[in-house]
Amino acid sequence: DAGITQSPRHKVTETGTPVTLRCHQTENHRYMYWYRQDPGHGLRLIHYSYGVKDTDKGEVSDGYSVSRSKTEDFLLTLESATSSQTSVYFCATSRDLNNEQFFGPGTRLTVL
Amino acid sequence: DAKTTQPNSMESNEEEPVHLPCNHSTISGTDYIHWYRQLPSQGPEYVIHGLTSNVNNRMASLAIAEDRKSSTLILHRATLRDAAVYYCILISEGSNYKLTFGKGTLLTVNP
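Residues numbered from 1 in each chain as written. Chains lettered and ligands numbered in written order. Predicted model: local features only at pLDDT ≥ 70, side-chain atom pairs only at ≥ 80, totals over all residues. Heavy atoms only, no water.

Draft legend 1. Region of interest: the nonpolar core. Within the largest apolar cluster, 20 residues are counted, with the highest numbers of intra-cluster contacts made by Leu-20, Ile-33, Trp-35, Leu-73, Leu-75, Tyr-86 and Leu-107 of chain B. The element that contributes the greatest number of residues to this core is strand S8 (residues 84-92) of chain B, accounting for four residues. (Core = buried A, V, L, I, M, F, W, Y, C linked by side-chain atoms within 4.5 Å. Buried < 20%, exposed > 50% of the residue type's maximum accessible area, 1.4 Å probe, protein only. Helix = DSSP H or I, 4+ residues; strand = E, 2+ residues; numbered from the N terminus.)

Draft legend 2. Quick look at unusual backbone geometry. Residue and element names in this part refer to chain A. Ser-7 connects to Pro-8 through a cis peptide bond whose omega is -10 degrees. In this structure, Asn-28 takes a positive phi of about 60 degrees despite not being glycine. Mapped onto the fold, Asn-28 is located in the loop between strand S3 (19-25) and strand S4 (31-38). Phi at Lys-53 takes a positive value of approximately 65 degrees, unusual for a residue other than glycine.

Draft legend 3. Seen up close, the side chain of Arg-37 of chain B. All names here are of chain B. Along the polypeptide, Arg-37 turns up in strand S3 (residues 31-38). Under the relative-accessibility criterion, Arg-37 is labelled buried at 11%. At 2.8 Å, the side chain of Arg-37 and the side chain of Asp-82 are in polar contact. When neighbours within four sequence positions are excluded, Arg-37 is seen to be in contact with Gly-43, Pro-44, Glu-45, Val-47, Met-59, Arg-81, Asp-82, Ala-84, Val-85 and Tyr-86. (Polar contact = N/O pair within 3.5 Å; in protein donor to acceptor, adjacent residues only side chain to side chain. Contact = heavy atoms within 4.5 Å.)

Draft legend 4. Examining the interface of chain A and chain B more closely. Opposite the 17 residues of chain A that make contact, chain B presents 18 residues. Between chain A and chain B, roughly 1,500 Å² of surface is buried when both sides are summed, and carbon and sulfur atoms account for 57% of that area. A per-residue breakdown of the area chain A buries against chain B is headed by Leu-43, Leu-97 and Asn-98 of chain A, which together make up 37% of the total. The tally of links from chain A across to chain B stands at zero salt bridges. Between the two partners, chain A and chain B, sit three residue pairs in polar contact (both at pLDDT 80 or more). Those elements giving two or more residues to the side of chain A that touches chain B turn out to be S4 and strand S5 (42-51) of chain A. With four residues, the top contributor of residues to the side of chain A that touches chain B is S5 of chain A. (Buried area = accessible area lost by both parts, 1.4 Å probe. Salt bridge = Lys/Arg side-chain N within 4 Å of Asp/Glu carboxyl O.)

Draft legend 5. Up close: the pairing of S8 of chain B. All names here are of chain B. Taken across its nine residues, S8 has eight buried, putting it largely inside the fold. Sheet topology places S3 next to S8; eight bridges connect them, and they run antiparallel. When the bridges of S8 are listed, Tyr-36 appears paired with Tyr-87. Examined bridge by bridge, S8 and strand S10 (residues 105-110) share three bridges and lie antiparallel to one another. Counted as the bridge partner of Val-85 is Leu-106 from S10. (Pairing = 2+ DSSP bridges.)

Draft legend 6. Quick peek at the sheet that holds strand S7 (residues 65-70) of chain A. Residues and elements named next belong to chain A. Read from one edge to the other, the open sheet built from four strands follows the order S1-S3-S8-S7, with strand pairing classed as antiparallel. Of all strands in the sheet, those bounded by a partner on one side alone are strand S1 (4-7) and S7. Adjacent strand axes in the sheet meet at a mean angle of 20 degrees, parallel and antiparallel pairs treated alike. (Axes fitted to C-alpha atoms, helices over the stretch in contact; angles between N-to-C directions.)

Draft legend 7. The arrangement of the pairing of S4 of chain A in detail. Residues and elements named next belong to chain A. Burial within S4 is extensive, with eight of its eight residues counted as buried. Alternating positions in S4 separate into two faces, Tyr-31, Tyr-33, Tyr-35 and Gln-37 on one and Met-32, Trp-34, Arg-36 and Asp-38 on the other, with burial throughout. Note that S4 and strand S9 (residues 87-94) share seven bridges and pair antiparallel. By the bridge assignment for S9, Tyr-35 is matched with Phe-90. As judged from the seven bridges shared by S4 and S5, these two strands associate in the antiparallel manner. By the bridge assignment for S5, Trp-34 is matched with His-47.

Any link to function would need more than the numbers given here.
Here's what the structure looks like:
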């Protein structure tokens, strides 16, 4: 395992509040990813990072921002959470784009 | 964008081989074919990936059609622990990085 942790593991929040999810890795992988998983949609890429301070948008980036100030940490922020952002969020890391991705245990977010 | 199509579900018996198909008719020359699986309440787990040639590892084999428009993940002897959702995804290199997950195939393994 690549030593990926996500925090918090569960969160319930209210519409309009800011939320930050953290992904931490201990493998010094260059690439980090944030996905969301919803019933009927499989996994969808939100944002990814290819280095410190280097990030790019994925398929469903609207309403989300990310930051990577250190190799080991990748933060996902919902500036103003909406009920449509209720989902399970997975972080992943990889050495390169076409290497194996290692996934974290997931964060279940509920926006009321 | 290139997309993948997989059957919603498949069923197998324990210790028998399983062939999980994936269609990706709009695949581009730089797309890699990756397979992941996801057990209930867990994050996805890498299984195998390839570009053009067939690939083998300790978990499975990947057979890629000559025209690359389809691929098949082969589990040589299914076990109960192989029951999971299997995802076939395409990853594009280069400046226009894309990663497209399909809906996945739910594999049921019968004892």
